[in-house]
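# Structural overview
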Amino acid sequence: MKISSLEKCLNILERLSQSPGGKRIRDLSQELGLPPSSIHHILSTLLPHNYVMQDTETKKYSLGLKLVDLGHCALENFDIRRPASRHLRKLNEQTGAAVHLAVYRDGRFIYIDKVGAPSGLSLVTYIGFATEPHAASGGKVLLADLPEAEVRALYPTGRMKKYAKNTVGTVKQLLEQLAQIREQGYAVDDEEYYEGVRCVAAPVKRNGMTVASISLTGPIFTMTMEKIENEIIGLVTAAARAVSDEL
């Protein structure tokens, strides 16, 4: 049985997580279809415990620092991060490119670790960042292990959001890509999520099931397709296999 007040609380927190600038009570009331009094009561309960905070001038509420602490604890509980850590660092040292470890949860792929940053690029890639999986190599590696019906359910209209010029546009095209990824054991993102950026990813497996992806990201002028074919794919797949062997 669902606890109504708890469900309302979770809906409020999720809505605040999508609003970096914060939300007023009336905004939350309109968006969630809840009485302002109910939202005020929940926020007043969360506020002293630092689960939310309020700007005294704008009266907007946003997520509190207590959730940062909980997020760090959740990340520390990922048993994939520990064995992966030294392999991520090694891959970064070998290439100088940014390396990410990601997992799939509830239709999103989420970065749970990161080493380095792509030189000359400003990317929204941080631990805890979550986005749709169809436009990034790390996300597609994770989708490739899912049943076709589950992939289709993520995109009920048959089409998906366009992030950059080469983003895959239809579920049919995506399923064709996923079949190729399963066969070759890696994915390449050629300016699909960010223009001017390429990324290569490979699956981390436990008992034959994909549990995470390791990806390498860099600008197109250093990560040429020739370099990807001759060097990067081998390095990324080797790192992913090494982590898999330790799980």
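Going by the structure above, here's the rest.
Here the residue index of a chain counts from 1 through its sequence in written order. It should be noted that, the model being predicted, local features are given only for residues of pLDDT at least 70 and side-chain atom pairs only at 80 or more, the latter also being counted only at that level, while totals for whole chains, interfaces and linings use all residues. Hydrogens and water molecules were not included; the side-chain quantities draw on all heavy atoms of the structure.

### Quick notes on the pattern of salt bridges
- Any carboxyl oxygen of Asp or Glu that lies within 4 Å of a side-chain nitrogen of Lys or Arg is treated as forming a salt bridge with it. Across all of its chains, the model carries 9 salt bridges by this definition.
- The partner of Lys 23 in a salt bridge is Glu 31, and the shortest N-O contact between them spans 2.5 Å.
- Among the ionic pairs, Glu 176 bridges to Lys 172, the shortest N-O distance being 2.9 Å. Residue Glu 176 and its partner Lys 172 are located together in helix H8 (residues 171-184), separated by 4 residues, close to a single helical turn.
- When its relative accessible area of 46% is taken as the criterion, Glu 176 is described as partly exposed.
- Linked by salt bridges that have partners in common, Arg 15, Lys 23 and Glu 31 make up one network. Put simply, DSSP marks the helices as runs of H or I at least four residues long and the strands as runs of E at least two long, and each gets a number from the N terminus on. Note on exposure labels: buried denotes an accessible area under 20% of the residue type's maximum, exposed denotes more than 50%, and partly exposed covers the range between, all computed with a 1.4 Å probe on protein chains only.

### Brief notes about the packing of helix H1 (residues 4-17) against helix H2 (residues 25-32)
- Relative orientation of the contacting elements H1 and H2 amounts to 110 degrees, with a least axis distance of 11 Å. Judged on the interaxial angle alone, H2 and H1 are roughly perpendicular. Of the two possible hands of crossing, H1 and H2 adopt the one that is right-handed. Where H1 abuts H2, its residues Asn 11, Ile 12, Arg 15 and Leu 16 lie against Leu 28, Glu 31 and Leu 32. In this analysis an axis means a line fitted to C-alpha atoms, helices contributing only their contacting stretch, and an angle means the value between N-to-C directions, from 0 to 180 degrees. Small angles under 35 degrees read as roughly parallel and large ones over 145 as roughly antiparallel, with 65 to 115 read as roughly perpendicular and the rest as oblique. Each crossing is labelled by how the near helix is turned from the far one, with a counterclockwise turn of less than a right angle marking it left-handed and a clockwise turn marking it right-handed. Residues count as neighbours in contact if any of their non-hydrogen atoms are within 4.5 Å of one another.

### Description of the packing of aromatic side chains
- To pair, rings of Phe, Tyr and Trp, with the six-membered ring standing in for Trp, must have centres within 6.5 Å; the planes then decide the type, stacked if under 30 degrees apart, edge-to-face if over 60, and tilted in the middle. On inspection of all chains with the given rule, the structure shows 4 aromatic pairs.
- Plain terms: the ring middles of Phe 109 and Tyr 111 are 5.4 Å apart, the flat faces sit at 75 degrees to each other, and that makes the pair edge-to-face. For the pair formed by Phe 109 and Tyr 111, the shared burial category is buried.
- Their ring planes at 70 degrees and their centres at 5.1 Å tell us that Tyr 193 and Tyr 194 sit as a pair that is edge-to-face.
- Every member of this aromatic cluster is reached through a ring pair, and the members are Phe 109, Tyr 111 and Phe 129.

### Structural notes on the sheet that holds strand E8 (residues 209-219)
- By definition, two strands form a pair when at least two bridges between them are found by DSSP. Taking strand neighbours across the sheet as the criterion, the 6 strands line up as E5-E4-E3-E8-E7-E6 in an open arrangement whose pairing is antiparallel. At either margin of the open sheet sits one strand with a lone partner, and together these are strand E5 (130-131) and strand E6 (187-190).
- Judged from the 5 bridges that link them, strand E3 (residues 98-105) and E8 form a sheet pairing that is antiparallel. Residue pairing for E8: Val 99 is matched across the bridge by Leu 216.
- Sitting on the sheet, helix H9 (residues 225-246) is in contact with E6, strand E7 (197-206) and E8, with an inclination near 25 degrees to E7.

### What about H2?
- Those residues of H2 lying buried are Ile 25, Asp 27, Leu 28 and Ser 29.
- Those residues of H2 hidden inside the fold are in contact with H1, helix H3 (36-46) and strand E2 (61-63).
- Once H2 finishes, Gly 33 follows within two positions and takes phi at roughly 70 degrees, a positive value.

### Quick look at the side chain of His 87
- Among the secondary structure elements, His 87 is positioned in helix H5 (residues 81-95).
- When sequence neighbours within four positions are dropped, the list of residues in contact with His 87 reads Ala 239, Ala 242, Val 243 and Glu 246.

### Points about the side chain of Asp 113
- Assignment of secondary structure puts Asp 113 in strand E4 (residues 108-115).
- With a relative accessible area of 10%, Asp 113 lands in the buried category.

### Some words on the pairing of E7
- With respect to burial, E7 is a largely interior element, 8 of its 10 residues being buried.
- Bridge count for E6 against E7 is 4 bridges, and the pairing is antiparallel. Bridge pairing links Asp 190 to Arg 198 in E7.
- Count of turn residues in the E6/E7 antiparallel hairpin: 6 residues, of which Glu 191 carries a positive phi of about 55 degrees.
- Sheet analysis places E7 next to E8, joined by 10 bridges and oriented antiparallel. Across the sheet, the residue bridging to Ala 201 is Ser 215, located in E8.

### Overview of the nonpolar core
- In this text, buried Ala, Val, Leu, Ile, Met, Phe, Trp, Tyr and Cys residues form a nonpolar core when linked through side-chain atoms within 4.5 Å. Within the largest apolar cluster, 26 residues are counted, with the highest numbers of intra-cluster contacts made by Leu 101 and Ile 214.
- Listing elements by their share of this core, those giving two or more residues are H5, E3, E4, E7, E8 and H9.
- A total of 7 residues in this core trace back to one element, the largest contributor, which is H9.
- Counting residues in hydrophobic clusters, the runner-up holds 24 residues, among them Val 141, Leu 174, Leu 175 and Tyr 193.

Remember, this is a structural readout, not a statement about activity or role.
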